Amino acid sequence: MNYLLWVSFLSLFILGFGDNIRGPLFPEIIQSFSLTDSLAAWYFALSSFMSFVGSYIVRKFKSVSQLLTLLYLGILFIFISFAIQRLATNYAFVLCGVVFFGLSVGFLGVAQNNLVIIGASPKKRSRMLSYLHSMYGVASLLAPLFVAWLADHRWQQILFSFSWVALIFSLAGFYYNSKKAESIQHFAQFQQSEAHGISSLSELKITFAISFYVLAEIVMGTRLALFMRRYYDYDLSTSSLYVTLFFVFLLIGRVAISFMPHHYDIKKQLLLSLAASFVLILIGLYVHPLALPLAGLGFAPFYPLSMSYISQLYPHKSTTIVSWTLTIQGFCIVLMHLGVGQLADIVGLKSAMLIGPVCCLLSFIILLFIRENKNV
């Protein structure tokens, strides 16, 4: 496995760990500053908006050297974000740190997916993308356990204790790139030179299908701990373990999909993933909460398969479409977080979380109308 793949995998692990520390700590942030759900939603909405900004700024970056610079800068921004939040004495100061985390997500999303597409051969690309997003699953599994382990500490200390990993990784990466800049280029299996935008309705459909899926997964990842604390009166440790279970099933699914034979129809797998997620979320909200962690198993295959689906549909401009997909989904996530916050104040968190299955349904419908014979 080459350098481009390894740094992508490790950086997504760090991003996933940092991202999923925030979900279990979200109730603590609300309590620390006595926030309403609408105001608290800006903690995620602002980072999503900055993710949109970040991915839009760098959407035309395609060369290996540019993508690696983005990757290490994005990891450095995680350290800066958590360091600012550690020093924060009010919510506005916390949101200043959130800005850097959002930029990090935008930069890393473009860099990681495109580096794997560039660094993996076409035959192995689907499997490598599954491995990539399994790293997020591993990190998502460990992050809530890390929070539960440090539950006696303030939420700011928990964030900051992890930030040093990001600092060390980014500095080591910048140093290695400066020494091996020429040889690193040879790890690319292919290089796309196109930097055009989305040029057809078909390309726009796949970006929105993926974006709606991401909204559903993020609703679960960011609000599950809060849901368990409000409706079942769980403490920080127990609610964090529920989040852990969600990501256990997410990881199991993503590892399993990497071993599936490549001849299975990707579109059918994507539709099945959405249908299973839709059903399990509804059961979890209204029948038994254990179905909510199980929804992770339904979600698991979708994202890595969707990245592979893009490269299958549009082999000559896949990096361009991936970059635009990340930009569009970042903007959609902003609206989702604000919507969930507003709805939670008006009709309650349980009803607000119905945004998850609604987004699964919308993604399902859009995918049905994608014609696979229209390659670019």
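See the structure printed just above.
Residues numbered from 1 in each chain as written. Predicted model: local features only at pLDDT ≥ 70, side-chain atom pairs only at ≥ 80, totals over all residues. Heavy atoms only, no water.

All right, on to the overall build of the protein chain then. Within the protein chain one finds 15 helices and 0 strands. When its C-alpha atoms are laid out on the principal axes, the protein chain stretches across 50 × 45 × 35 Å. Contacts in the protein chain between residues far apart in sequence, at least 24 positions, make up 84% of those at least 6 positions apart. Just so you have it, the protein chain exposes about 14700 Å², and 68% of that area is on carbon and sulfur atoms. Averaged over its 23 positive side-chain charges, the protein chain has a centre that lies 10 Å from the centre of its 13 negative ones. (Helix = DSSP H or I, 4+ residues; strand = E, 2+ residues; numbered from the N terminus. Contact = heavy atoms within 4.5 Å. Areas by Shrake-Rupley, 256 points an atom, 1.4 Å probe, with all protein chains shown as cover. Lys, Arg positive; Asp, Glu negative; His and termini not counted. Charge placed at Lys NZ, Arg CZ, Asp CG, Glu CD.)

Right, let's talk about helix H4 (residues 64-87) for a bit. Given 3.6 residues per turn, any residue in an α-helix points the same way as the ones three and four places further on. Here H4 is 24 residues long and its end C-alpha atoms lie 35 Å apart, about the 34 Å a rise of 1.5 Å per residue gives. For H4, the tally of buried residues reaches 17 of 24 residues, placing the bulk of the element in the interior. (Expected span 1.5 Å × (residues − 1). Buried < 20%, exposed > 50% of the residue type's maximum accessible area, 1.4 Å probe, protein only.)

What follows deals with the packing of aromatic side chains. This model, assessed by the stated rule, comprises 33 aromatic pairs. With a centroid separation of 6.1 Å and 55 degrees between ring planes, the pair formed by Phe146 and Trp149 is classed as tilted. Of this pair, Phe146 and Trp149 both sit in helix H6 (residues 125-149), 3 residues apart, roughly one helical turn. Residue classification places Phe146 among the buried positions, given a relative accessible area of 16%. Ring pairs connect the aromatic residues Tyr213, Phe246, Phe247, Phe299, Phe302 and Tyr303, which therefore count as one cluster. (Phe/Tyr/Trp six-rings, centres within 6.5 Å; stacked < 30°, edge-to-face > 60°.)

Among the structural elements, Ile117 can be located in helix H5 (residues 91-119). Note on Ile117: relative accessible area 0%, which makes it buried. Separated by 11 residues in sequence, Ile117 and Met128 place their C-alpha atoms 8.5 Å apart.

It is worth spelling out empty space enclosed by the protein at this point. Per the counting criterion, the structure on display carries 2 cavities of 30 Å³ or more. In this structure, the largest cavity occupies an estimated 650 Å³ of space. Along its surface, the largest cavity is lined by 33 residues, and Asp19, Val105, Tyr136, Val214 and Ile218 are the ones closest to its centre. Counting only elements with at least two residues in the lining of the largest cavity, the list comes to helix H1 (3-33), helix H3 (42-57), H5, H6, helix H8 (201-232), helix H9 (236-257) and helix H13 (318-347). For the lining of the largest cavity, the class distribution of residues is 13 nonpolar, 16 polar and 4 charged. Approximately 40 Å³ is the volume attributed to the second largest cavity. Forming the boundary of the second largest cavity are Phe26, Asp37, Ala40, Arg223, Leu226, Val340, Gly341, Ala344 and Leu349. Counting residues per element, the ones that place at least two in the lining of the second largest cavity are helix H2 (37-40), H8 and H13. When residues in the lining of the second largest cavity are grouped by element, the largest group, 3 residues, is from H13. Its residues placed into classes, the lining of the second largest cavity shows 6 nonpolar, 1 polar and 2 charged. (1 Å grid on protein atoms, 1.4 Å probe; cavity = no way out; pocket = protein on both sides within 12 Å on 5 of 7 lines; lining within 4 Å. Points joined across faces, edges and corners; volume = space filled by probe spheres on them. Nonpolar A, V, L, I, M, F, W, Y, C, P; charged D, E, K, R; others polar.)

This brings us to the nonpolar core. Within soluble globular proteins, side chains that are nonpolar generally end up buried alongside one another. Counting residues in hydrophobic clusters, the biggest one holds 123 residues, and the most contacted among them are Ile21, Tyr43, Ile78, Ile206, Phe299 and Leu367. If one sorts the elements of this core by residue count, H8 sits on top with 15 residues. (Core = buried A, V, L, I, M, F, W, Y, C linked by side-chain atoms within 4.5 Å.)

Once that is clear, we can look at the side chain of Arg22. Along the chain, the position of Arg22 falls in helix H1. Excluding its chain neighbours within four sequence positions, the residues that come into contact with Arg22 are Tyr43, Phe44, Ser47 and Phe101.

Attention shifts here to the packing of H8 against H9. Put simply, H8 and H9 touch, their axes get as near as 6 Å, and they point 150 degrees apart. When the axes of H8 and H9 are compared, the pair comes out roughly antiparallel. Considering the relative orientation of H8 and H9, their crossing is right-handed. Across the interface between the two elements, Tyr213, Glu217, Met220, Gly221, Leu224, Ala225, Met228 and Arg229 of H8 pack against Leu236, Ser239, Tyr242, Val243, Phe246, Phe247, Leu250 and Arg254 of H9. Its residues assigned to classes, the contact of H8 with H9 shows 11 nonpolar, 2 polar and 3 charged. (Axes fitted to C-alpha atoms, helices over the stretch in contact; angles between N-to-C directions. Parallel < 35°, antiparallel > 145°, perpendicular 65-115°, else oblique. Left-handed = near helix turned anticlockwise from the far one by under 90°.)

Taken together, Val279, Ile283, Tyr286 and Val287 make up a surface patch of nonpolar side chains, about 380 Å² in accessible area. Relative to the assigned elements, Tyr286 resides in helix H10 (residues 266-286). Overall, the relative accessible area of 46% leaves Tyr286 in the partly exposed class. (Patch = residues over 30% accessible without salt bridge, like charges linked within 9 Å, V, L, I, M, F, W, Y side chains within 5 Å. Salt bridge = Lys/Arg side-chain N within 4 Å of Asp/Glu carboxyl O.)

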